[in-house]
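# Observations on the model geometry
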Amino acid sequence: MAALLRGVWLVLVSKRLWPYVFIPLLLAALLYAGIFFGGLYWLIPLLKDRIAGDGLIGTVVGWLGNLLWIAVCALFANLTFVGVIGLFSALFWDSLSAKVEEIVFGSVPRSSAGCGLLLWDAVARIGISAMLFVVGLVLSPFCGISIAVTTGLLCLLDFSSCAYLRRGISIGGQMNQVFRSRAAPGYIAASAFASTIPFLFVFLIPGMVAGGTILCRQQLETNR
């Protein structure tokens, strides 16, 4: 938890990091909005036409589909948001992560992540994010904290990914490394708690990226 709290504090007080925060947050918000409205105005109408067609039944199915889509996006907003932007963490957050590493540790490794590695990493994360989303969805009626815990797991994987990818370590190697960190359980718990505060959670994400970067560096140096 110390790494995450240190990251959040660093982003808050270090003006040198602020230029690396606003654009990624805006792009992530636009991407999430695109998914929300894409589902509302394209996916649901498409499914409605395939399932029920026009007429009264089609209208009812369309309205129910819209309500279900809104409910899913509201109930699982933070989990979905993390899953979506996590696929593009290497693009959105790498500059922030690198700057944090430079400020805290005084050096940044030269990136060894080529296009092939980034593509493989993104594809693998789609599968992992989808799996965790389904697990959180299935367990939510039986375990109220399942969505928060699932979101915390995704935060750990996604927001430490930039630091690992700069070292040529994709999702498989990252999982092998990051869960060996003694700071990982605290990071997951703090992220899970933050995910229960929808509005604030989005603005904590840059701090989580900073915290994930610090956690990665400390873990790798500890296990040399």
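Look a little higher up for the structure.
These lines cover the structure that appears in this document, whether it is placed above or below.

Calculation criteria
Residues numbered from 1 in each chain as written. Predicted model: local features only at pLDDT ≥ 70, side-chain atom pairs only at ≥ 80, totals over all residues. Heavy atoms only, no water. Axes fitted to C-alpha atoms, helices over the stretch in contact; angles between N-to-C directions. Helix = DSSP H or I, 4+ residues; strand = E, 2+ residues; numbered from the N terminus. Parallel < 35°, antiparallel > 145°, perpendicular 65-115°, else oblique. Left-handed = near helix turned anticlockwise from the far one by under 90°. Contact = heavy atoms within 4.5 Å. Nonpolar A, V, L, I, M, F, W, Y, C, P; charged D, E, K, R; others polar. Buried < 20%, exposed > 50% of the residue type's maximum accessible area, 1.4 Å probe, protein only. Polar contact = N/O pair within 3.5 Å; in protein donor to acceptor, adjacent residues only side chain to side chain. Patch = residues over 30% accessible without salt bridge, like charges linked within 9 Å, V, L, I, M, F, W, Y side chains within 5 Å. Areas by Shrake-Rupley, 256 points an atom, 1.4 Å probe, with all protein chains shown as cover. Salt bridge = Lys/Arg side-chain N within 4 Å of Asp/Glu carboxyl O.

At their nearest, the axes of helix 8 (residues 146-159) and helix 11 (residues 184-194) sit 7 Å apart, and the two run at 120° to each other. Considering their axes alone, helix 8 and helix 11 lie oblique with respect to each other. The handedness of the crossing between helix 8 and helix 11 comes out as right-handed. Touching Ala148, Val149, Gly152, Leu153, Cys155, Leu156 and Phe159 of helix 8 are Ala184, Tyr187, Ile188, Ser191 and Ala192, all from helix 11. Residue composition of the contact of helix 8 with helix 11, by class: ten nonpolar, two polar and no charged.

Examined against the element boundaries, Val104 turns out to sit in helix 6 (residues 94-105). When its relative accessible area of 21% is taken as the criterion, Val104 is described as partly exposed. Put simply, Val104 and Met175 are 71 residues apart on the chain and 23 Å apart in space, counted from C-alpha to C-alpha. Discounting chain neighbours no more than four positions away, the residues touching Val104 are Arg6, Leu10 and Ile214.

Okay, the side chain of Asp121 next. Tracing the sequence through the fold places Asp121 in helix 7 (residues 115-139). Given the relative accessible area of 4%, Asp121 is considered buried. A distance of 2.6 Å separates polar atoms of two side chains, one belonging to Asp121 and the other to Arg125. Ignoring any residue separated from it by four or fewer positions in sequence, one finds Asp121 in contact with Leu165, Ser170 and Ile171.

Our focus in this paragraph is a nonpolar patch on the surface. Taken together, the side chains of Met131, Val134, Val135, Val138 and Leu139 make up a nonpolar region of the molecular surface, amounting to roughly 420 Å² of accessible area. One can find Met131 in helix 7.

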